[in-house]
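# Observations on the three-dimensional arrangement
Each chain is listed here by its residues.
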Amino acid sequence: MTLLFITSGLFLGWSLGANDAANIFGSAVGSRMITFRKAAIIASIFVILGAVLQGSGTSDTLGKLGAVNAIGGSFTVALAAAITVYSMTKSSLPVSTTQAIVGAIIGWNIYTGNATDAKTLTQIVTTWISGPVLGGTFAILLYMLLKWYKKRAGIHMIRFESYIRNGLIIAGAFGAFSLGANNIANVMGVFVPAIDLPAIDLGFLTLGSGQQLFFLGGIAIALGIITYSKRVMETVGSGIFELSSEAALVVVLSQSLVLFLFSSVALANLLNGIGLPSLPLVPVSSSQVVIGSILGIGLYKGARNMNYRMLGGIALGWIATPIIAGLVSFFSLFFVENVFEIIVAIP
Amino acid sequence: MAIFKRTSGLLINKFDEFLDNVEVGLLVFREGIKSYLHGDMEALNRHLRKIEALEENADKLQREIENDMIVHSILPKERVEVFRLLDRTDEIIDTTKHSLTEFTVEVPDIPESLKADFIRLTEASASAGDELIPAIRTYFTTPYLVRDKLIKVYFFENETDRLSTEIKTRIFQQMPELDLARKAHLRYILHHIEGISDKAQAVADLLTAMAIKVIM
């Protein structure tokens, strides 16, 4: 029965894999620098590793926003987010899984009368702005560094491209790991408070209930990558601004860094340990960070050839996604509770 | 599945070898023309055989490079232009081979008074090709320096045009002892020699555009 309830989360995971893997390997695959097969295998392995090994931090934050405590509620909230992501993707509208799940959780909070933690919400919403800004900043700095190195080193163009190609594979693996670590909360976070599975001892590693859920979510993301991301990957990269291979590497690197910074418990502990403020462990939209990074490079290059119309559409999606997901969640919860008589919240 | 392949080193070597072939071809061409003008037909035939071997090897390398670049998806955005660059550079060594062949087949009767001018023309035209090769190598390592390297190509191309016009003027206006058929034949041979600098200039124009695109 538990497995049946988490299908909505797995569906959301599949959607995330189908869409967001393109943010990591899209430019490389689209420009034929890496084959789709290679990209899909690397992304699948590392997304699962990231989810299982480092997915807990962002999940805790989502739990603070709204602890969905009944499995029927978790199912409905994840389903509402998945429907929002799927239908917006089908309509070719830019969508963020993070914003969809946040909107859906708030919908649950409103429906059940639970208060939304304003501090956590502010923390999350702030990253919707700071994530892309940080992505853009990293992108500009890394791009300047790469250009400087290329000019100074005088490496043969073919050898340099080989470095970029290998860099794309390594950065892509890091990006997939960070995506799994940061975004698994969107997929499985709402199930963590509601499901308690017995721990599995693998000898070298003990998988707790949350990690088992993250593992399943990771597999769902991997399936999304393998089955449906090819088309998205092959068309990405020329939408907002046509990327060169080195710009593609910079975008993947800056995105990976941002996702890593917002999901690494170890880094947060390290910074706190030496008395420095740490970044909140919050699920960030990889799509928005990618857009921020591409925009950063575009601005650095003098803002020529930018598709401002598309940027407007993205900004609109930024606002529309959580609202739509919240509404879908609210009405779905009403429907599930009153028609199917499934408990969606434990008072 | 090999994640990190090592094809780039091999491909760079092939590019270098291809350019070496063209460079050596230009040297052999010079020597071939000088041999003919000094009446040493045996040396001319030896130089022709050498240039044929170089041209054949250049063609083989060109095909291999194109094949490797497609199979391993190397420089996907620049590939079409790099192929064009290879093709046009290969035309230079083709022209040198054809010119030497013309000398062996048609055995043009070049007046003694013009021999020094023919050598000067050959030197200028081949020098345009000589100066092009380092510019092509520079495109792959430091493209922002390509324009500086190409200045000499344009200089030698102009020099070749000037010398050619000068020689043709002498043939047609100051040498009444030559009949029209011989004059026309000499002009035809001159065109062959100056063809090398024309091909070099065409590659230089392409290279300038390619370098600008890479720098931007």
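Residues numbered from 1 in each chain as written. Chains lettered and ligands numbered in written order. Predicted model: local features only at pLDDT ≥ 70, side-chain atom pairs only at ≥ 80, totals over all residues.

Further remarks concern the overall build of chain B. The number of helices and strands found in chain B is six helices and zero strands. Counted from the first residue to the last, chain B has its helices and strands arranged as α-α-α-α-α-α. Along the three orthogonal principal directions, the C-alpha set of chain B runs to about 75 × 35 × 20 Å. A buried classification covers 37% of the 216 residues belonging to chain B. (Helix = DSSP H or I, 4+ residues; strand = E, 2+ residues; numbered from the N terminus. Buried ≥ 20, exposed ≤ 12 C-beta atoms within 10 Å, placed from the backbone.)

Turning our eyes to something else, we now look at the confidence of the model for chain B. Summing up the model confidence of chain B, the mean pLDDT is 94 and the portion of residues at 70 or higher is 97%. Across the interface, the model reports ipTM at 0.84; the global pTM reads 0.79. (pLDDT = per-residue confidence, 0-100.)

Another point: the interface of chain B and chain A. Frequently, the measure chosen for interface size is the accessible area that the parts lose on association. Contact with chain B, which involves 14 residues of that partner, is made by 14 residues of chain A. Breaking the side of chain B that touches chain A down by element, the ones donating at least two residues are helix 1 (8-37) and helix 4 (115-141) of chain B. The dominant element in the side of chain B that touches chain A, judged by the number of residues it contributes, is helix 1 of chain B, at three residues. Grouping the constituent residues of the side of chain B that touches chain A by class yields nine nonpolar, four polar and one charged. (Contact = placed C-beta atoms within 7 Å. Nonpolar A, V, L, I, M, F, W, Y, C, P; charged D, E, K, R; others polar.)

Looking now at the environment of B:Arg46. In this structure, B:Arg46 sits in helix 2 (residues 41-71). With 18 residues separating them in the primary sequence, B:Arg46 and B:Val28 have C-alpha atoms 9.6 Å apart.

All names here are of chain B. With 28 residues, helix 5 (residues 146-173) should reach 40 Å at 1.5 Å per residue; the first-to-last C-alpha distance of 41 Å fits that figure. Inspection of helix 5 places Val146, Lys149, Leu150, Val153, Phe156, Glu157, Thr160, Leu163, Ser164 and Ile167 among the buried residues, and these make up the whole buried set. Residues of helix 5 that are buried make contact with helix 4 and helix 6 (180-215). (Expected span 1.5 Å × (residues − 1).)

If you check the backbone angles, A:Glu341 has positive phi at about 55° while not being a glycine. As for its placement among the helices and strands, A:Glu341 is situated in the segment after helix 13 (308-339). Of note, B:Leu75 is a non-glycine position whose phi angle comes to about 45°, a positive value.

Time to look at the packing of helix 8 (residues 157-188) of chain A against helix 10 (residues 245-261) of chain A. Residues and elements named next belong to chain A. Here helix 8 crosses helix 10 at 25°, and the two axes come no closer than 8 Å. With respect to helix 10, the element helix 8 is oriented roughly parallel. For the crossing formed where helix 8 meets helix 10, the hand is left-handed. When helix 8 is examined against helix 10, the residues Glu161, Ile164, Gly167, Leu168, Ala171, Gly172, Phe174, Gly175, Ser178, Leu179 and Asn182 are found in contact with a partner set consisting of Ser245, Glu246, Ala248, Leu249, Val252, Leu253, Gln255, Ser256, Leu259 and Phe260. Broken down by class, the residue content of the contact of helix 8 with helix 10 amounts to eleven nonpolar, eight polar and two charged. (Axes fitted to C-alpha atoms, helices over the stretch in contact; angles between N-to-C directions. Parallel < 35°, antiparallel > 145°, perpendicular 65-115°, else oblique. Left-handed = near helix turned anticlockwise from the far one by under 90°.)

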